[in-house]
Amino acid sequence: MSNPLDQLRDNHSDFSKNQEAFQFTDPFLAFETWFNLAVSSGEKEVNAMVISTVNEAMKPSARVVYLKEISDQQFVFYTNYLSHKGKDLQQNPNASLLFFWPGLERQIRIEGTVNKISETESDAYFASRPRESQLGAWASHQSEPLKEMGEITQRFKELDQEFPGQVPRPKHWGGMALRPTYLEFWQGQASRLHERVCFKLNEDEWQISRLNP
Ligand SMILES: Cc1cc2nc3c(=O)[nH]c(=O)nc-3n(C[C@H](O)[C@H](O)[C@H](O)COP(=O)(O)O)c2cc1C
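Read on for an overview of the structure. Note that this is a predicted model, so its numbers are computed, not measured. (Residues numbered from 1 in each chain as written. Predicted model: local features only at pLDDT ≥ 70, side-chain atom pairs only at ≥ 80, totals over all residues. Heavy atoms only, no water.)

Quick notes on the overall build of the protein chain
Assigned secondary structure in the protein chain consists of five helices and nine strands. Starting at the N terminus, the α and β elements of the protein chain follow one another as α-β-β-β-β-α-β-β-α-α-α-β-β-β. Its C-alpha atoms put the protein chain at 60 × 55 × 40 Å along the principal axes. Taking all 213 residues of the protein chain together, 38% fall into the buried category. Look at the contacts in the protein chain between residues 6 or more apart in sequence, and 63% of them connect residues 24 or more apart. For the protein chain, the accessible surface area stands at approximately 13,000 Å², while carbon and sulfur atoms represent 51% of it. Here the protein chain contributes 23 positively and 29 negatively charged side chains, and the mean placements of these two sets differ by 4 Å. (Helix = DSSP H or I, 4+ residues; strand = E, 2+ residues; numbered from the N terminus. Buried < 20%, exposed > 50% of the residue type's maximum accessible area, 1.4 Å probe, protein only. Contact = heavy atoms within 4.5 Å. Areas by Shrake-Rupley, 256 points an atom, 1.4 Å probe, with all protein chains shown as cover. Lys, Arg positive; Asp, Glu negative; His and termini not counted. Charge placed at Lys NZ, Arg CZ, Asp CG, Glu CD.)

Notes on the pattern of salt bridges
Applying the stated criterion to the full structure yields 10 salt bridges. Notably, a salt bridge pairs Arg 169 with Glu 119, separated by 3.2 Å at the nearest N-O pair. Residue Arg 169 is located in the loop between α5 (149-162) and β7 (173-187), and its partner Glu 119 is located in helix α3 (residues 119-128); the two are separated by 50 residues in the primary sequence. Since its relative accessible area comes to 9%, Arg 169 is described here as buried. Relative accessible area serves as the criterion here: at 45%, Glu 119 is assigned to the partly exposed category. Its salt-bridge partner being Arg 131, residue Asp 160 comes within 2.7 Å of it at the nearest N-O pair. Residue Asp 160 is found in helix α5, and its partner Arg 131 is found in helix α4 (residues 131-139); the two are separated by 29 residues along the sequence. Judged by its relative accessible area of 25%, Arg 131 is partly exposed. Put simply, Glu 119, Asp 123, Arg 169 and Lys 171 are held in one network by salt bridges that share partners. (Salt bridge = Lys/Arg side-chain N within 4 Å of Asp/Glu carboxyl O.)

Re the packing of α4 against α5
Describing two packed helices takes the angle between their axes plus the distance from one axis to the other. Close contact between α4 and α5 brings their axes to 9 Å; oriented N to C, the two are set at 120°. Judged on the interaxial angle alone, α5 and α4 are oblique. Seen from above, α4 lies across α5 with right-handed handedness. Facing Arg 131, Glu 132, Leu 135, Gly 136, Trp 138 and Ala 139 of α4, the residues of α5 in contact are Ile 152, Arg 155, Phe 156, Leu 159 and Asp 160. (Axes fitted to C-alpha atoms, helices over the stretch in contact; angles between N-to-C directions. Parallel < 35°, antiparallel > 145°, perpendicular 65-115°, else oblique. Left-handed = near helix turned anticlockwise from the far one by under 90°.)

Regarding the pairing of strand β4 (residues 74-80)
With seven of seven residues buried, β4 lies mostly within the body of the structure. Residues Gln 74, Val 76, Tyr 78 and Asn 80 line one face of β4 and the alternating positions Phe 75, Phe 77 and Thr 79 line the opposite face, and both faces are buried. The pairing of strand β3 (residues 69-71) with β4 spans three bridges and is classified as antiparallel. Note that in β4 the partner of Glu 69 across the bridge is Val 76. Between β3 and β4, which pair antiparallel and follow one another directly, the connecting turn spans two residues, one of which, Asp 72, has a positive phi of 50°. Alignment of β4 against β7, held across six bridges, turns out to be antiparallel. Within β7, the position partnered with Phe 75 by the bridge is Leu 178. (Pairing = 2+ DSSP bridges.)

So, in structure tokens, the structure goes:
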């Protein structure tokens, strides 16, 4: 029987006529430029990124979260601090981020350490969210077992009554920020001669290098 995955081979278009696509010296400017192009070229879920964490037992796990902001050269997302990823990051702050924009044949890999952002910043972002999302942050005991959906919809209804006015931010929900020490930009090119450009933080300087595809 033929393997259907064999049909999926992508011959990567001659996107930039195989010229070097990458000319940046600042990784954050490179990220911003690629991100803006992904938005304007109609990529879906441009700010969805895979974050990989490693737990105490050295077991990795990965999931998608939304990038909400780049602030002070840190990549910020919001989550439940008591979730699987929240606990991993509490014990081991090392993590990686991954963006994949297939329409552009581009991937960005980012590695660094993650810390909670300030309570004030988390409060401000939480306050900007729709009421339903705010109640959802209370109702979801993220990553804990759930017998049935009815359990959480009931909790949601009760919380709606408990907080008739403004919904306060749960202390276990807020922002986390990854400060990169490594960023790698991958551009698909013809003949599998893909470009890979890396930025590695050495003391306070970003060292740029290229890698074989
Ligand atoms: C497109 C997409 C965006 C998501 N964004 C977030 C997010 O911003 N924050 C979050 O906590 N979970 C988000 N999730 C859910 C996570 O992938 C994951 O299921 C959840 O955070 C629990 O992960 P954990 O048990 O590893 O902590 C998103 C999922 C998808 C598919």
